[in-house]
Amino acid sequence: MTCQPTDADLVNFVLQEARLLAEQQYDAWLALFAQQGRYWVPLAGAAQVDGARAASIADEDRLLLSLRIDRLKNPRAFSQHPRSQAQHVLQTPQVCERDELHQHYTLYTPFLYTEARGETQVQASGHWMHRLCIEEGQLRILLKRVNLLNPGMAWPAIQLFP
């Protein structure tokens, strides 16, 4: 991507990311993250400002994401018998901020999430905040923040990526 992405490019990027998750193409999904990319699910949801000084449901860099993906792919992973499946239902992502000078872009996407494994199903809702950047000429995820609507509740084990 040699020129500035359009709003449509940014929206399509987020929609494609959700599709990769639904199709369990986790290696392709991980490749969407920048080298310094981070996946964050704050324990206090949208009210949480900092992940370093407060607890989080998940706060993973590329290394931790790759370890989790390797575990999901491992046939001996007991938590994946039967295999988990997930679906995101998204509202249209909205471009909130465009910083053309630094090539950073922020999008807001409300979602409904369902994760199913065997007879068990978990549902969550909230919104994503994507902070995208251009890295090596391609759009990449610098930060994917998942703000759950009710983050403080007692959640069962979520295996995949809301």
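Our subject is the structure that appears above.
Residues numbered from 1 in each chain as written. Predicted model: local features only at pLDDT ≥ 70, side-chain atom pairs only at ≥ 80, totals over all residues. Heavy atoms only, no water.

### Section: the overall build of the protein
A tally of regular secondary structure across the protein gives three helices and seven strands. Reading the secondary structure of the protein in the N-to-C direction produces α-α-β-β-α-β-β-β-β-β. Taken over C-alpha atoms, the radius of gyration comes to 16 Å for the protein, in line with the 15 Å a tight globule of 162 residues would show. Dimensions of the protein, computed from C-alpha atoms along their principal axes, come out at roughly 45 × 35 × 30 Å. Counting only residues that meet the buried cut, the protein has 40% of its 162 residues in that class. Of the contacts formed within the protein by residues at least 6 apart in sequence, a portion of 61% connects residues at least 24 apart. Counting every atom, the protein has about 8800 Å² of accessible surface; 54% of that belongs to carbon and sulfur. In the protein, which carries 15 positive and 17 negative side-chain charges, the distance between the mean positions of the two groups comes to 6 Å. (Helix = DSSP H or I, 4+ residues; strand = E, 2+ residues; numbered from the N terminus. Rg over C-alpha atoms; globule rule 2.2 N^0.38 Å. Buried < 20%, exposed > 50% of the residue type's maximum accessible area, 1.4 Å probe, protein only. Contact = heavy atoms within 4.5 Å. Areas by Shrake-Rupley, 256 points an atom, 1.4 Å probe, with all protein chains shown as cover. Lys, Arg positive; Asp, Glu negative; His and termini not counted. Charge placed at Lys NZ, Arg CZ, Asp CG, Glu CD.)

### Observations regarding the pattern of salt bridges
Summed over all chains, the structure comprises eight salt bridges. We note a salt bridge from Asp59 to Arg38, for which the minimum N-O separation is 2.7 Å. One end of the pair, Asp59, is in strand E2 (residues 56-61); the other, Arg38, is in strand E1 (residues 33-42), with 21 residues separating them in the sequence. A relative accessible area of 31% means that Asp59 is categorised as partly exposed. Its salt-bridge partner being Arg98, residue Glu100 comes within 2.7 Å of it at the nearest N-O pair. What makes Glu100 partly exposed here is its relative accessible area of 31%. Counted as one network, the salt bridges with shared partners bring together Asp7, Arg98 and Glu100. (Salt bridge = Lys/Arg side-chain N within 4 Å of Asp/Glu carboxyl O.)

### Re the nonpolar core
Trp29, Tyr39, Leu132 and Phe161 are the most contacted members of the largest nonpolar core, which has 33 residues in total. Elements with a contribution of two residues or more to this core: helix H1 (7-22), helix H2 (26-30), E1, helix H3 (62-73), strand E5 (104-117), strand E6 (120-135) and strand E7 (138-148). For this core, the leading source of residues is H1, giving seven residues. For Leu132, the residues in contact, after removing those within four places along its chain, are Leu10, Phe13, Gln103, His104, Tyr105, Leu107, Leu139, Arg140, Ile141 and Leu142. (Core = buried A, V, L, I, M, F, W, Y, C linked by side-chain atoms within 4.5 Å.)

### Notes on the environment of Glu23
Mapped onto the fold, Glu23 is located in the loop between H1 and H2. For the pair Glu23 and Ala86, spaced 63 residues apart in the sequence, the C-alpha separation amounts to 8.6 Å.

### Observations regarding H3
The first and last C-alpha atoms of H3 sit 16 Å apart over twelve residues, in line with the 16 Å expected at 1.5 Å per residue. Three or more residues of H3 are buried, namely Leu65, Arg68, Ile69 and Leu72. Looking down the long axis of H3, one finds its buried residues gathered within 100° of arc, a one-sided arrangement. Next to the buried residues of H3 lie H2, E1 and E2. The distance from a side-chain oxygen at the start of H3 to the backbone nitrogen of Leu63 is 3.2 Å, and the residue carrying that oxygen is Asp61. (Expected span 1.5 Å × (residues − 1). Arc of directions from axis to C-beta. Polar contact = N/O pair within 3.5 Å; in protein donor to acceptor, adjacent residues only side chain to side chain.)

### Notes on H1
Here H1 is 16 residues long and its end C-alpha atoms lie 23 Å apart, about the 22 Å a rise of 1.5 Å per residue gives. Here H1 has its buried residues at Leu10, Val11, Phe13, Val14, Glu17, Ala18, Leu20 and Leu21. Structurally, H1 contributes buried residues whose contacts are with H2, strand E3 (85-90), strand E4 (94-99), E5, E6 and E7. Trailing H1 by a residue or two, Gln24 shows a phi angle of about 55°, which is positive.

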